[in-house]
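Residue strings, one per chain:
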Amino acid sequence: MTTPRPETLAKLTPVLTKRWLSPDAWQIGTYEQLDGYAALRKALKAHPDDLIQLIKDSGLRGRGGAGFPTGLKWGFIPQGDGKPHYLVVNADEGEPGTCKDLPLMTHDPHALVEGVIIASYAIRAARAYIYIRGEAVHAARRLRNAVQEAYDKGYLGRNILRSGYDLELVVHSGAGAYICGEETALLDSLEGFRGQPRLRPPFPATHGLYASPTVVNNVGTIASVPPIVLGGADWWKSMGTEKSSGPMIYSLSGRVVNPGQYECSMGVTLRELLELAGGMQPGHNLRFWTPGGSSTPLLAAEHLDVPLDFEGVAAAGSILGTTATQIFSDQDCPVYATYRWLEFYHHESCGKCTPCREGNYWMVRVYRRILAGQGTHEDLDTLLDTCDNILGRSFCGLGDGATSSVTSSLQYFKQDYLDYIEGRTAPKLSEKTLVGAH
Ligand SMILES: Cc1cc2nc3c(=O)[nH]c(=O)nc-3n(C[C@H](O)[C@H](O)[C@H](O)COP(=O)(O)O)c2cc1C
Ligand code: SF4
């Protein structure tokens, strides 16, 4: 285990995570003692348009994966249109490897509740929803408890803190489907329909929940709002890089000594994160990793010093995504890892469009063949050709994301595939997995 040097420890910038280790951090009393609801009091004295401008000035970008500028999104909501406006928080957190929103809601649910109230006030919404993953029972319980506490204290409901502003907040548990994290599928699910993506345009900003103007934001995005209101845009921008401002929760999993959440200014590198996490497990050397979940192209050991912000990761040929850094070593097989992810995408594909529905079905079968020692060289061309027909041709991002590990593992680790095909690596799957596969 490596002990982080002081200069690396200084990379930690606890903002969203700062209360997590306080005793009973999830209770409103603790939250209020630690700055809680001070930002709301300040925000309710400001004009909603000024709050939108503040978020624009801070450069905050969505923490749900795509990094869309948050203030710009809020600014798209038409004003004076006579329609109800909605804020919907995406707490589905289904991306494999991602583990930042659930701990936040479990340890510090009021941070999200306060962010919801301020964001709803800014976009003039009188009703907000938090759509939380069905399996996350513990986090949902904490969240519901926090919402009730907020109602009891007058932070939610009618005439909040005597400001004249009313807001109702509903916590809705989904049934546990990855596709319901896609924002339009989430809206359909919230409305009681089967969760499948909607055709865009029209976009949620004008035709979202119940065909009304809606902002959909990630948990981390909304929880960033109270600190920005309290600390100001310049303070927020003092962390991170020019186009990727603020701190970010990086969740490290896999072959590291201390897996967990590390909140650092954007632009930290994997080398630094590994040092914070105590290094690689003994006997393991870094071989490949995901910078932002399994939907982002794999990176290799040569990318240890890539700045983990939106631009830096893109320049290295991948995507920052959800900053779920999954670490694999020289004892892990990139072909097998990719196969397991594909099983996931195949299972979670909603079936609405042909490239994703059929493409993932067939790619799983090709991988099983390769891993059972019956692959051919043509299989590699088939995989690339299938990816070519999925990427950019699918109805939503799930299909695109499914191709990421296939193409990148073939780019960096083609030899591993050839070793199965040419018999140098022992099969990992038995021939039984091929029954019914052809
Ligand atoms: C298949 C799929 C799953 C997604 N899952 C999530 C999720 O669990 N949480 C999330 O915040 N965003 C998820 N997204 C991204 C959302 O569609 C959307 O971009 C995001 O909630 C916007 O919030 P932000 O601007 O605050 O990042 C997913 C996208 C796709 C295509
Ligand atoms: S890409 Fe996949 S998940 Fe998305 S609409 Fe098509 S079938 Fe459904």
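Structure's up top.
Computed from a predicted model, the values in this text were never measured in an experiment.

A.B. asks: How do you make sense of the overall build of the protein chain when you look at a structure like this?
C.D. replies: A count of helical and extended segments in the protein chain gives 19 helices and 9 strands. In terms of overall dimensions, the protein chain is globule-like: its C-alpha atoms have a radius of gyration of 22 Å, near the 22 Å expected for 438 residues. Each principal axis of the C-alpha distribution contributes one length, and for the protein chain these read about 75 × 50 × 35 Å. Every one of the 438 residues in the protein chain was classed for burial, and the buried ones make up 58%. Of the accessible surface of the protein chain, which amounts to about 17700 Å², a share of 53% is contributed by carbon and sulfur atoms. When the 41 basic and 47 acidic side-chain charges of the protein chain are each reduced to a single mean position, those positions are 4 Å apart.

A.B. asks: What am I meant to see in the sheet that holds strand S3 (residues 168–173) here?
C.D. replies: To summarise the sheet geometry, strands pair through backbone hydrogen bonds and adopt either a parallel or an antiparallel arrangement. On the basis of which strands lie adjacent, the open sheet formed by 4 strands has the order S3-S2-S1-S4 and parallel pairing. Of all the strands in the sheet, the pair left with one neighbour each is S3 and strand S4 (214–218). Looking at each pair of strands side by side, their axes are set apart by 20° on average, direction ignored. With 5 bridges joining them, strand S1 (residues 86–91) and S4 adopt parallel strand pairing. By the bridge assignment for S4, Val88 is matched with Val216. Each of strand S2 (127–132) and S3 touches helix H8 (residues 137–152); the most contacted strand, S3, lies at about 170° to it.

A.B. asks: What exactly am I supposed to notice about the pattern of salt bridges here?
C.D. replies: Close approach of charged atoms allows side chains of opposite charge to pair. Taken as a whole and judged by the stated rule, the model has 24 salt bridges. For Asp101, the salt bridge identified is with Lys100, shortest N-O distance 2.9 Å. The same class applies to Asp101 as to Lys100, namely buried. Among the charged side chains, a network of salt bridges with common partners joins Arg5, Glu7 and Glu275.

A.B. asks: How should I be thinking about the site of ligand 1 in this particular structure?
C.D. replies: The full set close to ligand 1 counts 18 residues, and Gly64, Glu93, Asn217, Asn218 and Thr221 are the nearest of them. Note that an oxygen atom of ligand 1 is positioned 2.9 Å from one of the side-chain N or O atoms of Asn90. In this structure, Glu93 approaches ligand 1 through a main-chain N or O atom, which is 2.9 Å from an oxygen atom. About the coverage of ligand 1: the protein hides 87% of its 620 Å² of free accessible area.

A.B. asks: I'm lost on the sheet that holds strand S7 (residues 286–290) in this one. Help?
C.D. replies: On the basis of which strands lie adjacent, the open sheet formed by 5 strands has the order S6-S5-S9-S7-S8 and mixed pairing. If you trace the sheet from one side to the other, it starts and ends with strand S6 (260–265) and strand S8 (299–300), each paired once. Running at roughly 20° to S7, helix H16 (residues 334–348) makes contact with S7 and strand S9 (324–329) of the sheet.

A.B. asks: Is there a simple way to think about unusual backbone geometry in this case?
C.D. replies: Backbone geometry follows two general trends: most residues other than glycine have a negative phi, and most peptide bonds adopt the trans configuration. With an omega of -5°, the peptide bond between Arg200 and Pro201 qualifies as cis. In the segment running from Pro201 into Pro202, the intervening peptide bond is cis, with an omega of 5°. Within the secondary structure layout, Pro202 lies in the loop between helix H9 (183–190) and helix H10 (204–207). Notably, Ala211 is not glycine yet its phi reads approximately 60°, a positive angle. Its place among the elements puts Ala211 in the loop between H10 and S4. Relative accessible area serves as the criterion here: at 42%, Ala211 is assigned to the partly exposed category.

A.B. asks: Looking at this structure, I do not really get the nonpolar core. What am I missing?
C.D. replies: Most often, soluble globular proteins keep nonpolar side chains buried together rather than apart. The biggest cluster of nonpolar side chains holds 60 residues, and the ones touching the most others in it are Trp74, Leu112, Val113, Val116 and Ile117. Of the residues forming this core, the biggest block, 10 residues, is contributed by helix H7 (residues 109–123). In this view, Val116 contacts Leu87, Val89, Ala128, Ile130, Leu167, Leu169 and Ile222; residues no more than four positions away in its chain are not counted.

What counts and what doesn't
Residues numbered from 1 in each chain as written. Chains lettered and ligands numbered in written order. Predicted model: local features only at pLDDT ≥ 70, side-chain atom pairs only at ≥ 80, totals over all residues. Heavy atoms only, no water. Helix = DSSP H or I, 4+ residues; strand = E, 2+ residues; numbered from the N terminus. Rg over C-alpha atoms; globule rule 2.2 N^0.38 Å. Buried < 20%, exposed > 50% of the residue type's maximum accessible area, 1.4 Å probe, protein only. Areas by Shrake-Rupley, 256 points an atom, 1.4 Å probe, with all protein chains shown as cover. Lys, Arg positive; Asp, Glu negative; His and termini not counted. Charge placed at Lys NZ, Arg CZ, Asp CG, Glu CD. Pairing = 2+ DSSP bridges. Axes fitted to C-alpha atoms, helices over the stretch in contact; angles between N-to-C directions. Contact = heavy atoms within 4.5 Å. Salt bridge = Lys/Arg side-chain N within 4 Å of Asp/Glu carboxyl O. Near = heavy atom within 4 Å. Polar contact = N/O pair within 3.5 Å; in protein donor to acceptor, adjacent residues only side chain to side chain. Core = buried A, V, L, I, M, F, W, Y, C linked by side-chain atoms within 4.5 Å.

Everything listed is a geometric property; what it means functionally is a separate question.
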